[in-house]
Structures are given as structure tokens and as C-alpha cells.
Amino acid sequence: MNRTQRVNLRNTILALAAILVIATTGANAQQKLGDFVSEGGFDWIIGSWEASSDQGDKIELVYKWELDKHMITMLLKWPNNEYRAMIFYKPAEDKIIQVTVDNQGGTGKGTWEPDGDKAVLKHEHTGSDWQTNKMGFAHSKVDANTMKWEVLELDSSGEVSDYPMFTVEFKRQKKTATKK
């Protein structure tokens, strides 16, 4: 092999190595929410859920994948109240973020993190009356068709209490066939 061929081969190998480094670095930087949910074993949370309040009111909760599993949309609904949220991974902060809006003019923000077998949302909601409430919502799987939701106090340092203020048990709803 002459000198020109060795230089060309070396340049080709270096260029290929650089492309591989850039490609793998880009893949890591673009990890999506779906990867985190799957790796944490929380895929079970996706779907439609229903519960009843102590007063017998129906509570609907829906978590749905959007944008090729880069985002989850959430709907929480009971009589006279409706909340919509976007949940997404924010690489710059290395956090899973939730942004919420409700039908009363309130807004909220929070972060999701695993705590053992629970997915915990630490959330701050400001109502249309400018009152701010901080709460934690621990989601845990009871079985394939049952989810427990513990509503927890959130202290000033952002830590959730050890014991729930109350608990709600949701049942998975069967998918309904779409009409043609």
C-alpha cells in the first residue's frame, strides 16, 4: 500500500469514528420520555382510569402517549372541574416536567420522579384566586386493572409526607370501539 492510500484509509477511518461518536452522542442527548417510563417500569400508567369520590362523583383520569412517546397528555375530570396537562422530559434540567391548566383559570407545574414502585408527581397549582397549593401524587400499581393514587402534603423543601391525606383507587377502563 502506498503512502497516499494509507493517508486516505486513515482519513476514512477517522471520519467514520467521528460520525459514530456524533451519532451515539446525539442519541443519548435525545432520549425520550417513553424510554424513561419504560425503563422505570411505569408503562402500566398509560390508559383510561375511573374512580368515585366519597360523594359518589365520577372521576376520570387519562394518560395518553403523544408525539412518538416524547410527551404524555393527561386529563383529570370530575363534575365542574377539568385539568389538562403535558408531561415531557426536559434534557437541560434532566427532569420530567408537567405543565397543567384547568377550566377555572388555574395553572400548575410539577416534576415527576420514581420512588420505589411509585411514580410521584410533586405539583404546585395556582388557582384563579391566586391561592397556591402544593401536593404530591403517588401513583402505584395494585394490579393490571387497578391504580392507587395517594395525595400527599408537600413541604416547603419539596419533600412529600410519609402518609397520604387521602387515597383514591382507580379502575382501568376498557377501550371502546370507535364508530365508523
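See the structure shown above.
The following refers to the structure shown. The structure displayed is predicted, hence computed values, not measured ones.

Membership of the largest hydrophobic core comes to 29 residues, with the highest contact counts inside it found for L61, Y63 and F170. Apart from the residues within four sequence positions on either side, F170 is in contact with W49, E50, A51, I59, L61, N145, T146, M147 and W149.

Bridge count between strand β1 (residues 47–52) and strand β2 (residues 58–66): six bridges; the pairing is antiparallel. The partner of W49 across the bridge, within β2, is L61. Pairing of β1 with strand β10 (residues 166–172), which is carried by two bridges, proceeds in the antiparallel orientation. Considered in β10, the bridge of E50 is made with K171.

The subject of this paragraph is the sheet that holds strand β3 (residues 71–78). The strand order β1-β2-β3-β4-β5-β6-β7-β8-β9-β10 describes a closed barrel built from ten strands, whose pairing is antiparallel. On average, each strand axis in the sheet is inclined to that of its neighbour by 25°, with strand direction left out of account. Bridging between strand β6 (residues 107–115) and strand β7 (residues 118–126) involves nine bridges; their strand directions are antiparallel. Bridged to T107 within β7 is T126.

Right, let's get into the packing of aromatic side chains. Two measures describe an aromatic ring pair: the distance that separates the ring centres and the angle between the ring planes. Evaluation of the coordinates by the stated rule reveals six aromatic pairs. Residues W44 and W49 carry aromatic rings whose centres are separated by 6.4 Å and whose planes lie at 90° to one another, so their mutual orientation is edge-to-face. Note on accessibility: W44 and W49 belong to one class, buried. Three or more aromatic residues link up through ring pairs in this structure, and these residues are F137, W149 and F170.

Cut-offs used in this document
Residues numbered from 1 in each chain as written. Predicted model: local features only at pLDDT ≥ 70, side-chain atom pairs only at ≥ 80, totals over all residues. Heavy atoms only, no water. Core = buried A, V, L, I, M, F, W, Y, C linked by side-chain atoms within 4.5 Å. Buried < 20%, exposed > 50% of the residue type's maximum accessible area, 1.4 Å probe, protein only. Contact = heavy atoms within 4.5 Å. Pairing = 2+ DSSP bridges. Helix = DSSP H or I, 4+ residues; strand = E, 2+ residues; numbered from the N terminus. Axes fitted to C-alpha atoms, helices over the stretch in contact; angles between N-to-C directions. Phe/Tyr/Trp six-rings, centres within 6.5 Å; stacked < 30°, edge-to-face > 60°.

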